[in-house]
Amino acid sequence: MTAPRKPILAGNWKMNHGPSQAARFFADFLNLAEPGDDRTIAFFPPAISFAAAREALQGRPDVRLGVQNVYWEESGAFTGELSVGMAKDAGAELVLVGHSERRHVFGETSEETARKVRAVLDAGLVPVLCVGETIDERRAERAEAVVAEQLAPVLEIVRADEVGELVIAYEPVWAIGTGVTATPDDARTMHAAVRERLRAAYGAEAADAVPILYGGSVKPDNAAELMSQPGVDGVLVGGASLDAAGFARIVKAAG
Ligand code: PEP
């Protein structure tokens, strides 16, 4: 039998909190969130705030750090990009891949996302692969099909013996930063659809080791209900992760 999946509470700061704000955030947050090994807390600060975050987290190994994006090449003439090796060297354990802002603002394709997942796995870091449909796709009843299309190139390149390293975040585009949250029913249905895809590709045992997070306007007041849905293994939080007290309440909501 597969071991129960520990809840993951992840904060994506996007392009917010420079180095001094990051230090202030952790000074507050670490006072509010007791160390614990019954859940995983992770933050994705902007790359320029990574060192400040790492410094602030000395002595709190229960709080992990990741980067918001990487490029798949190791080094070279790729102005503005970060390689996975650099992220690892800086202390990152996780990498967000295919966030909806990368896909919809910066035009990243699912094939590019898959290359990034490959590079992250090859470096021994954890890819947090984001998938989700737009409002038009949902209205056209294509939500599950779109998520399946986004997953397909990744499932092609991830082997069954390494899929347990992957984390997936279902993040409907229409819920990100909008204040509109998926209903608990919608979240449950979409998580089940993602799990089915994983089972079809890898079999139940390997697939059931993969945590699937929900993201999209998660707040302290709705986090507990979302996380109580079967198949929702935690949350990826944008806006509400910028406030130390609010994010500490979301961590407490995991139980
Ligand atoms: C996100 O950035 O992944 C996200 C879910 O943002 P928000 O919580 O602000 O909707």
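Everything numeric here is computed off the predicted structure, so don't read it as measured data. (Residues numbered from 1 in each chain as written. Predicted model: local features only at pLDDT ≥ 70, side-chain atom pairs only at ≥ 80, totals over all residues. Heavy atoms only, no water.)

1. Looking at the overall build of the chain
Put simply, the test is: We count a stretch as a helix when DSSP gives it H or I for four or more residues in a row; a strand needs E for two or more, and each element gets its number in order from the N terminus. The quantity called the radius of gyration is restricted to C-alpha atoms. Its globule counterpart is 2.2 Å times the number of residues to the power 0.38. Pairs of residues are marked as contacts when any of their non-hydrogen atoms sit within 4.5 Å. What sets the accessible areas is the Shrake-Rupley method with a 1.4 Å probe; for residues, cover comes only from the shown protein chains. A positive count includes Lys and Arg, and a negative count includes Asp and Glu. His and the chain ends are not counted in either. The atoms used to mark charge sites are NZ of Lys, CZ of Arg, CG of Asp and CD of Glu.
The helix and strand inventory of the chain stands at eleven helices and eight strands. Computed over C-alpha atoms, the radius of gyration of the chain comes to 17 Å, within 12% of the 18 Å expected from 2.2 N^0.38 for 255 residues, which places it in the range of a compact globule. Taken over the C-alpha atoms alone, the chain extends approximately 45 × 45 × 40 Å along its principal axes. Within the chain, contacts between residues separated by at least 24 positions form 71% of all contacts whose residues are at least 6 apart in sequence. Working note: accessible area of the chain is about 11,600 Å², and carbon and sulfur atoms make up 51% of it. When the 25 positive and 36 negative side-chain charges of the chain are each reduced to one mean point, those points stand 2 Å apart.

2. Let's talk about helix α11 (residues 244-253)
As a reminder, the rule being used: The rule is simple: take the accessible area with a 1.4 Å probe, protein chains only, and divide by the maximum for that residue type; under 20% is buried, over 50% is exposed, in between is partly exposed.
Along α11, the residues classified as buried are Ala244, Gly246, Phe247, Ala248, Ile250 and Val251. In this fold, the buried residues of α11 make contact with β1 (8-12), α1 (19-32), β2 (40-44), α10 (223-227) and β8 (234-237). Gly255 lies just past α11 and shows a positive phi near 95°.

3. Some details on the site of the ligand
So the rule is basically this: A single heavy atom is enough: if one lies within 4 Å of a molecule or strand, its residue is considered near that molecule or strand. Polar contact is defined as a pair of N or O atoms within 3.5 Å, subject to the rule that within protein one atom must be able to donate a hydrogen and the other to accept it, and that residues adjacent in sequence are counted only when both atoms are side-chain atoms. Amino acids are sorted into nonpolar (Ala, Val, Leu, Ile, Met, Phe, Trp, Tyr, Cys and Pro), charged (Asp, Glu, Lys and Arg) and polar (every other residue, Gly among them).
Near the ligand lie 14 residues; those nearest to it are Lys14, Glu171, Gly177, Ser217 and Gly238. Residue Gly177 places a main-chain N or O atom 2.6 Å away from an oxygen atom belonging to the ligand. Between an oxygen atom of the ligand and a main-chain N or O atom of Gly239, the distance comes to 2.8 Å. For the ligand, the accessible surface in isolation is 290 Å², of which the surrounding protein chains cover 98%. Residues belonging to the shell around the ligand are distributed by class as follows: four nonpolar, eight polar and two charged.

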